Amino acid sequence: QSALTQPPSASGSPGQSVTISCTGTGSDVGGYDYVSWYQQHPGKAPKLIIYEVIKRPSGVPDRFSGSKSGNTASLTVSGLQPDDEADYHCSSYAGRNNLVFGGGTKLTVL
Amino acid sequence: QVQLVESGGDLVKPGGSLRLSCTASGFIFSDFYMSWIRQAPGKGLEWISYISSSASSKNYADSVKGRFTISRDNAKNSLFLQMNSLRVEDTAVYYCARYDFWNGYYFDNWGQGTLITVSS
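The written sequence of each chain sets the order in which its residues are numbered from 1. Chain A is the first chain written and ligand 1 is the first ligand written, with later ones labelled in order. Only residues with pLDDT of 70 or above have their local features reported here, since the model is predicted, and side-chain atom pairs are shown and tallied only from 80 upward, although totals for entire chains, interfaces and linings are computed over all residues. The side-chain figures draw on all heavy atoms in the structure; neither hydrogens nor water molecules are used.

Undergrad: Give me the lowdown on the interface of chain B and chain A, citing residues and values where you can.
TA: Between chain B and chain A, the contact holds 24 residues from the first and 21 residues from the second. Each of two parts loses accessible area, computed with a 1.4 Å probe, when they are put together; buried area is these two losses added. Carbon and sulfur atoms make up 58% of the surface buried where chain B meets chain A, a total of about 1800 Å² over both sides. A pair is scored as a salt bridge if a Lys or Arg side-chain nitrogen falls within 4 Å of a carboxyl oxygen belonging to Asp or Glu. Remark: the boundary between chain B and chain A carries 0 salt bridges. A helix here means a DSSP run of H or I that spans at least four residues, while a strand means a run of E at least two residues long, and both kinds are numbered starting from the N terminus. Counting only elements with at least two residues in the side of chain B that touches chain A, the list comes to β4 (33–39), β5 (45–51), β6 (58–60), β9 (92–100) and β10 (106–110) of chain B. Whether two residues are in contact is decided by their heavy atoms, any of which lying within 4.5 Å being enough.

Below is the structure:
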């Protein structure tokens, strides 16, 4: 159950787009279309923003989008807004009813 | 609306035990799988356990297997985590979350968390 690999930080200016990667293996990200992404503001609980690689829960703006290629999943935030500044965590099903998270990425809106 | 409220966090010595609770409201608790996830200070999230709606199925991360036990009381809309043989590295904020096991293995609602500090 090794953690997925995310860059520690990412940044962009308001209005720009930023993509955050989440790299695993063929036993987790590459093996299943069950990647989810969570947004976490400081001192707050995580919030689901993407599930099953590309799906958005009701109420999440379409500025947030997900994708996957091979063993790497990605979260793209378009039209960056100040409130998008937060930590972003990816998660993947890893078989045998196990889940694995990434180390988290701190997104800074410059 | 869905609400999850954790309690039971405390300062405990290495080797000690603690029981966390999570009280749910705003949904039919007995219909849903539930999970515990933790976050060490300044670190990422770590899934540690899930339990099925009827409590017939459970699973644990290797890091807590044999030391932690998840359980639930559907009559009281409550989820529990019994933590034994606690280690310094168990220090974290512990979140309970509603777990969509059948449709995509994701956590669609989270509590605010409760802090466990393991230190001598």
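Undergrad: I'd like to hear about the sheet that holds strand β7 (residues 68–73) of chain B, residue by residue, with values.
TA: All names here are of chain B. Here a strand pair is declared whenever DSSP counts at least two bridges between the two strands. Pairing is antiparallel in the open sheet, where 4 strands are placed in the order β1-β3-β8-β7. Looking at the sheet topology across the chains shown, the edges are occupied by β1 (3–7) and β7. Ignoring strand direction, the axes of neighbouring strands in this sheet form an average angle of 15 degrees. Taken together, the 6 bridges between strand β3 (residues 18–25) and strand β8 (residues 78–83) define a ladder with antiparallel strand orientation. Across the sheet, L18 pairs through a bridge with M83, a residue of β8. For every element, the axis is a line fit to its C-alpha atoms; helices are fit only across the contacting stretch, and the angle between N-to-C directions ranges from 0 to 180 degrees.

Undergrad: Describe the pattern of salt bridges, listing the residues and the values that go with them.
TA: Tallying each qualifying case throughout the model produces 8 salt bridges over all chains. The residue D33 of chain A makes a salt bridge to K68 of chain A at a minimum N-O spacing of 2.8 Å. Pair noted here: D33 of chain A is in the loop between β2 (18–23) and β3 (35–40) and K68 of chain A is in strand β5 (residues 64–69), with a separation of 35 residues, a long-range link. We note a salt bridge from R38 of chain B to E46 of chain B, for which the minimum N-O separation is 2.7 Å. Only protein chains enter the accessibility calculation, which uses a 1.4 Å probe; a residue whose area is less than 20% of its type maximum is buried, one above 50% is exposed, and one in between is partly exposed. Judged by relative accessible area, R38 of chain B falls into the buried class, the value being 6%.

Undergrad: Now, about the side chain of D84 of chain A: what can you tell me, with residues and values included?
TA: All names here are of chain A. Structurally, D84 can be placed in the loop between β6 (72–77) and β7 (86–93). According to the relative accessible area criterion, D84 is buried, its value standing at 3%. A polar contact of 2.8 Å, which involves the side chain of D84, links it to the backbone nitrogen of Q81. Ignoring sequence-local partners within four residues, the contact set of D84 consists of Q39, R63, F64, V77, G79, L107 and V109. In protein, a polar contact means a hydrogen-donor-capable atom and an acceptor-capable atom, both N or O and within 3.5 Å, with residues adjacent in sequence counting only if both atoms are side-chain atoms; elsewhere, any N or O pair within 3.5 Å suffices.

Undergrad: Can you tell me about the state of the cysteines, naming the residues and giving the values?
TA: Residue and element names in this part refer to chain A. Two cysteine sulfur atoms make up a disulfide if the distance between them is within 2.5 Å. All chains considered together, the criterion is met by 2 disulfides over all chains. Two residues share a disulfide in this structure: C22 and C90, whose sulfurs sit 2.0 Å from each other. Since a negative S-S torsion denotes a left-handed disulfide, the C22-C90 link at about 80 degrees is right-handed. Of the two residues, C22 sits in strand β2 while C90 sits in strand β7, which places them 68 residues apart along the sequence.

Undergrad: Give me the lowdown on the sheet that holds β2 of chain A, citing residues and values where you can.
TA: Residue and element names in this part refer to chain A. Here we have 3 strands laid out as an open sheet, ordered β2-β6-β5, and antiparallel in their pairing. The outermost strands of the open sheet, each flanked by one partner alone, are β2 and β5. Ignoring strand direction, the axes of neighbouring strands in this sheet form an average angle of 20 degrees. For β2 and β6, the ladder comprises 6 bridges, and the chain directions are antiparallel. Pairing of C22 across the sheet is with A73, part of β6.

Undergrad: So what about the packing of aromatic side chains? Which residues, and what values?
TA: In this analysis, rings of Phe, Tyr and Trp, with Trp reduced to its six-membered ring, are considered paired at centre separations within 6.5 Å, and the interplanar angle assigns stacked below 30 degrees, edge-to-face beyond 60, and tilted for intermediate values. The final tally for this structure, using the stated rule, is 24 aromatic pairs over all chains. Seen in terms of ring centroids, F64 of chain A and Y88 of chain A are 6.4 Å apart; in terms of plane orientation they differ by 35 degrees. Their pairing is tilted. In this pair, F64 of chain A sits in strand β5 while Y88 of chain A sits in strand β7, placing the two residues 24 residues apart along the sequence. Comparing F64 of chain A with Y88 of chain A shows no difference in burial state: the two are buried. On the basis of an interplanar angle of 80 degrees and a centroid distance of 5.7 Å, the ring pair of Y95 of chain B and W110 of chain B is categorised as edge-to-face. Taken as a pair, Y95 of chain B in strand β9 and W110 of chain B in strand β10 lie far apart in primary sequence, 15 residues in all. Under the relative-accessibility criterion, Y95 of chain B is labelled buried at 4%. Among the residues examined, W110 of chain B registers a relative accessible area of 11% and is labelled buried.

Function-wise, these values are silent; they only describe arrangement.
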